[in-house]
Amino acid sequence: MASPKKKLQGLVAATITPMTENGEINFSVIGQYVDYLVKEQGVKNIFVNGTTGEGLSLSVSERRRVAEEWVTKGKDKLDQVVIHVGALSLKESQELAQHAAEIGADGIAVIAPFFLKPWTKDVLINFLKEVAAAAPALPFYYYHIPALTGVKIRAEELLDGIQDKIPTFQGLKFSDTDLLDFGQCVDQHRQQQFAFLFGVDEQLLSALVMGATGAVGSFVSRDLSILWSN
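To keep things clear, this report deals only with the structure shown in the data block.

Rules and cut-offs
Position numbers for residues start from 1 in each chain and track the written sequence from start to end. Totals for whole chains, interfaces and linings use every residue, but because this is a predicted model, local features are given only for residues with pLDDT of at least 70 and side-chain atom pairs only at 80 or more, for both listing and counting. Hydrogens and water are ignored here; the side-chain numbers use all heavy atoms of the structure. Each residue is placed in one exposure class: buried if its accessible area under a 1.4 Å probe, protein chains only, is under 20% of its type's maximum, exposed if it is over 50%, and partly exposed if it falls in between. Here a strand is any run of E in DSSP of at least two residues, a helix any run of H or I of at least four, and the numbering for each starts at the N terminus. Here the rule is simple: two strands pair whenever DSSP picks up at least two bridges between them. By convention, a crossover is right-handed whenever its connection, traced from the first strand over the helix to the second and viewed with the strands pointing away, goes clockwise. The contact criterion used throughout is that any non-hydrogen atoms of two residues lie within 4.5 Å. Only the contacting stretch of a helix is used when fitting its axis, a line to C-alpha atoms as for every element, and angles between N-to-C directions run 0 to 180 degrees. For this classification, under 35 degrees means roughly parallel, over 145 means roughly antiparallel, 65 to 115 means roughly perpendicular, and everything else is oblique. Helix crossings fall into two classes, left-handed where the near helix is turned counterclockwise from the far one by less than a right angle and right-handed where it is turned clockwise. Residues are grouped as follows: nonpolar covers Ala, Val, Leu, Ile, Met, Phe, Trp, Tyr, Cys and Pro; charged covers Asp, Glu, Lys and Arg; every other residue, Gly included, is treated as polar. The term salt bridge refers to a side-chain nitrogen of Lys or Arg lying within 4 Å of a carboxyl oxygen of Asp or Glu.

Moving on, we get to the pairing of strand 6 (residues 169-174). Strand 6 sits mainly inside the fold: 6 of its 6 residues count as buried. Pairing between strand 5 (residues 140-144) and strand 6: 5 bridges, direction parallel. Bridge pairing links Tyr 143 to Lys 173 in strand 6. Pairing analysis gives 4 bridges linking strand 6 to strand 7 (residues 195-198), with the strands arranged parallel. Bridge pairing in strand 7 places Phe 174 opposite Phe 198. For the handedness criterion, the β-α-β arrangement of strand 6, helix 8 (residues 179-189) and strand 7 is classed as right-handed.

Mapping Glu 156 onto the fold places it in helix 6 (residues 155-159). A relative accessible area of 17% means that Glu 156 is categorised as buried. Among all residues touching Glu 156, those that are not within four sequence positions of it are Asp 181, Gln 184, Cys 185, Gln 188 and His 189.

Taken in spatial order, the 8 strands close into a barrel running 1-2-3-4-5-6-7-8, and their pairing is parallel. Taking the axes of each pair of neighbouring strands and ignoring which way they run, one obtains an average angle of 25 degrees across the sheet. With 2 bridges connecting them, strand 1 (residues 10-14) and strand 2 (residues 45-48) associate as parallel partners. Looking at the pairing, Ala 13 lines up with Ile 46 of strand 2.

Across the interface, helix 2 (residues 60-74) lies against helix 3 (residues 90-103) with an axial gap of 10 Å and an inter-helix angle of 20 degrees. Relative to helix 3, the element helix 2 is oriented roughly parallel. As helix 2 runs across helix 3, the sense of the crossing is right-handed. Two secondary-structure elements touch here, helix 2 through Val 60, Arg 63, Arg 64, Ala 67, Glu 68 and Val 71 and helix 3 through Glu 92, Glu 95, Leu 96, His 99 and Ile 103. Counted by class, the contact of helix 2 with helix 3 contains 5 nonpolar, 1 polar and 5 charged residues.

Close approach of charged atoms allows side chains of opposite charge to pair. Summed over the entire model, instances satisfying the criterion amount to 6 salt bridges. A salt bridge links Asp 35 to Lys 77; the shortest N-O distance between them is 2.9 Å. With Asp 35 in helix 1 (residues 30-40) and Lys 77 in the loop between helix 2 and strand 3 (80-84), this residue pair connects regions lying 42 residues apart in the sequence. Note that Arg 64 is salt-bridged to Glu 95, the shortest N-O span being 3.3 Å. Placement of the pair is Arg 64 in helix 2 and Glu 95 in helix 3, with a sequence separation of 31 residues. Look at Arg 64 and you get partly exposed, because its relative accessible area is 26%. Under the relative-accessibility criterion, Glu 95 is labelled partly exposed at 34%. Several salt bridges share partner residues, and in doing so they unite Arg 154, Glu 156 and Asp 181 into one network.

Here is the structure:
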């Protein structure tokens, strides 16, 4: 089973993808971005090419280059770099997963495909399983964001027995306002020691009460690090 250096928890910055005025990726500022997160915000875990980073609006080659730059510039500075590799195409998602492993990322995350949607839990898990298998040494996280994917399969239902199908599964990025579903995820699966990462900034305090072990968001601050300092 894949095992991260240490459990992904606390604050995880959902990074933007910096652009030039001409719409090209501004790779030159990513090193400064790393230093800002570490030195000014006290944040050493990042989530790359997700919703905030507009990963699904980038080409596969752009996503690969962005991931490479974050891993390279974050070396010896960041604790964990998790790369979102979700795509509508299974083959593209697998390519991105394999690439993340090759460049030394610390984990991968995947959203549900959202055009031809999986209609049952088993269909969704089969898709996730195929992606995870492309990077068998990396921790795998499911990115649950039904408001954007339109896939309404409850996260708690998905977690039931998921490690039997995906041995590298380590946790969940939960970006939904259904706190009942989130609370049941924590209550029913606490013993598996999953990472329960909450992704709706406005409801973070409520999620903490329910047992969130971390937060992935675009608003991060050293002031919040005390919540997970122990």
